[in-house]
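Tertiary structure, described
The residues making up each chain are set out below.
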Amino acid sequence: KYTGHCHCKAVKFEVEADLANVIECNCSHCAIKSLLLTFVPENQFTLLSGGENLTEYCFNKKVIEHLFCKICGVQPFGRGQDEKRNKTVAINVRCLDGVETEGLNRTQYNGKDI
């Protein structure tokens, strides 16, 4: 179980996640923000505070709610669905407390061609 937040800590959350493999997507959005992601079922995620400080950005197919803090601009997580239409949360691993991202096993995802 991890806790996380945006840069200014206006948005705080906790998540139960396995960080054995994180995703590094090369789509225009993830690449420019240097996001490292892990996806969890919605029931493994709890927004602790700051929901009123979140705003949404959608692009391309508009199926993922890219949520970011309207105060500091950091995207701590996003919401979407898996292939079976189960609700999921995409966690920005860089926003998790105490996680050193350098040693994480990264899976490259080709989002550029989707």
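Residues numbered from 1 in each chain as written. Predicted model: local features only at pLDDT ≥ 70, side-chain atom pairs only at ≥ 80, totals over all residues. Heavy atoms only, no water.

**Side note on the pattern of salt bridges**
Scanning the model with the defined rule gives three salt bridges in all. One salt bridge connects Arg 106 with Glu 24, and the closest N-O pair in it is separated by 3.3 Å. Of this pair, Arg 106 sits in strand S10 (residues 106-109) while Glu 24 sits in strand S3 (residues 22-25); the two residues are 82 residues apart in sequence, bridging distant segments of the chain. Of the residues examined, Arg 106 reaches a relative accessible area of 29% and is grouped as partly exposed. (Salt bridge = Lys/Arg side-chain N within 4 Å of Asp/Glu carboxyl O. Helix = DSSP H or I, 4+ residues; strand = E, 2+ residues; numbered from the N terminus. Buried < 20%, exposed > 50% of the residue type's maximum accessible area, 1.4 Å probe, protein only.)

**Overview of the sheet that holds strand S1 (residues 2-5)**
Across the sheet, three strands lie side by side as S1-S2-S5; this open sheet has antiparallel pairing. Two strands lie at the open edges of the sheet, namely S1 and strand S5 (45-49), each paired on one side alone. Ignoring which end each strand starts from, the neighbouring axes of this sheet average 25° apart. Pairing between strand S2 (residues 12-15) and S5: four bridges, direction antiparallel. Considered in S5, the bridge of Glu 14 is made with Thr 46. (Pairing = 2+ DSSP bridges. Axes fitted to C-alpha atoms, helices over the stretch in contact; angles between N-to-C directions.)

**Describing unusual backbone geometry**
Positive phi outside glycine occurs at Lys 9, with the angle close to 70°. Within the element layout of this structure, Lys 9 appears in the loop between S1 and S2. With a relative accessible area of 47%, Lys 9 lands in the partly exposed category. For Arg 85, which is not glycine, the phi dihedral falls at a positive 70°. One can find Arg 85 in the loop between strand S8 (77-81) and strand S9 (87-92).

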